Structure formats: structure tokens, C-alpha cells
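Now for the letters of each chain:
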Amino acid sequence: NAGVTQTPKFRVLKTGQSMTLLCAQDMNHEYMYWYRQDPGMGLRLIHYSVGEGTTAKGEVPDGYNVSRLKKQNFLLGLESAAPSQTSVYFCASSPDRNSGNTIYFGEGSWLTVV
Amino acid sequence: AQSVTQLGSHVSVSEGALVLLRCNYSSSVPPYLFWYVQYPNQGLQLLLKYTSAATLVKGINGFEAEFKKSETSFHLTKPSAHMSDAAEYFCAVSVNTGGFKTIFGAGTRLFVKA
């Protein structure tokens, strides 16, 4: 009963370093998302995917890249980390394009850029 | 374009008291409305959702919300607060416009006093 799994859970990066956050879902969902959560700002969509091999920009895509090579996986990359990217990152998925669908979230990845 | 506003970033109630978390939305087409709850160090999970059936929606843990089109509101209530209800609550709006579009509010943190 894993649902949406994110790794790593915690990471500290130095400015300019790169890293990849991994997300896997076992619910055969078509849609996958990456959000960031910052105090007082709720959740902001970084990038999303509507199916294997597709990606699209969300609300705050700058500084991030994503890939969806397999339906169950959605990777978020930071090519050159900046302190402004210190945040909690959530991966999520939903069955399809129906807006009435529930979004299922992972437990979050805490990233600190120093 | 749709938007969602949660009134009050923090709400404090005594154990056993009524919980009322306010959410107002804006949408040019009929919306789907959601409440999600986030417990400390966890991802968001669905509390309840409105998908154009009954206007009074019942969710988990004794919560309910009423869709009021005339007031563009979807306030979350619970008759009697429990210590375990302390969490952050997010209202979200989603519409079927041919593409993915779910917007989250900034969140309301609920404190429950003994």
C-alpha cells in the first residue's frame, strides 16, 4: 500500500550543486505533479505530466527540470541549486484529467540550500 | 481563471468547540472543491470533496463542508474539535477546462487547546 513514494526525504545542498528528487507511484495514475510548499504560500505547482513521456510547466518552473520516462516515475531536477529553492517538495499523482479526481501526495522531501 | 482564498492563516479553538475554517473561491465555470489536511511532517490527504452532487459534503473524522454557490464559499466545519484535529488544512478548486487546473489556498493552521 505504498501510494506515492519520494526520495530522499531530507537533503542539504550547497549553492550551485545539482540533485534529483525521485518520485514513484504504484497506482497506475496518468497525471503526476511536483509542488513546492513554502510558509504562507500554500502549494505551488512546479511541473506536471499528463502521461508517460510528457511534461509541462506549472506556476513556478524556473530553475527546475523534470522527466517522465516511465509512467510510474516522475523526476525533479535542480541543475544549480539556489537558496531560494530551500523548500519542502511534494510529488503527487491523480488518475486522469478529470478535475474531480483526488490528488494523492507523497510525504515530502525537505531540501535546504546553503 | 479560478482562485481560492482561505480566511485566516491560523485558527485556535478549545477542545470540544466548533471548528470553522473558511474558504471562498472564484471560478468562471462550475468548480470541483476540495479540502485536504496535512499533519506535521506528512503529505496532504483528502478530507472531503464536492463534485456537483449534494451541496453538503461529509468527510473523514467528522468534518463536513457546504457548497454555497451564491456566496462562492466552501467552509469546513466540525461540531466538536479534538486534539488530533490539530493540522494544516488546505482548500482547493479545480475545473474542467480541457487541461489540468487545480489551485490550492494558502492553508489554515488549526490549533486545538486542551
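Just so it is clear, the structure is predicted and the values come from calculations on it, not from any experiment.

> Just checking my understanding: could you explain the interface of chain B and chain A for this structure?
A common measure of how large an interface is: the accessible area buried when the components associate. Residue-level contacts link 23 residues of chain B with 23 residues of chain A. Across the chain B to chain A interface the summed buried area is about 1700 Å²; carbon plus sulfur atoms make up 55%. At the surface where chain B touches chain A, the tally comes to zero salt bridges. Across the chain B-chain A interface, the total number found is three residue pairs in polar contact (both at pLDDT 80 or more). Within the residue set of the side of chain B that touches chain A, elements represented by two or more residues are strand S4 (32-38), strand S5 (44-50), strand S9 (87-94) and strand S10 (102-104) of chain B. Examining the composition of the side of chain B that touches chain A, we find that four residues originate from one element, S4(B), more than from any other.

> Looking at this structure, I do not really get the side chain of A:Ser49. What am I missing?
Residue and element names in this part refer to chain A. Its place among the elements puts Ser49 in strand S5 (residues 42-49). Separated by 2.9 Å, the side chain of Ser49 and the backbone oxygen of Gly51 make a polar contact. Once residues within four sequence positions are removed from consideration, Ser49 is found in contact with Glu30, Tyr31, Met32, Thr54, Thr55, Arg68 and Phe74.

> Looking at this structure, how should I read unusual backbone geometry?
That bond from A:Thr7 to A:Pro8 is cis: its omega, -5°, falls within 30 degrees of zero. With respect to the element layout, A:Pro8 can be found in the loop between strand S1 (4-7) and strand S2 (10-13). For A:Asn28, which is not glycine, the phi torsion reads 60° and is therefore positive. In the Ramachandran plot, B:Asn61 falls in the positive-phi region, its phi being about 60° despite a non-glycine side chain. Summarising the element assignment, B:Asn61 is placed in the loop between strand S6 (56-58) and strand S7 (64-68). A relative accessible area of 43% places B:Asn61 in the partly exposed class.

How each quantity is defined
Residues numbered from 1 in each chain as written. Chains lettered and ligands numbered in written order. Predicted model: local features only at pLDDT ≥ 70, side-chain atom pairs only at ≥ 80, totals over all residues. Heavy atoms only, no water. Contact = heavy atoms within 4.5 Å. Buried area = accessible area lost by both parts, 1.4 Å probe. Salt bridge = Lys/Arg side-chain N within 4 Å of Asp/Glu carboxyl O. Polar contact = N/O pair within 3.5 Å; in protein donor to acceptor, adjacent residues only side chain to side chain. Helix = DSSP H or I, 4+ residues; strand = E, 2+ residues; numbered from the N terminus. Buried < 20%, exposed > 50% of the residue type's maximum accessible area, 1.4 Å probe, protein only.

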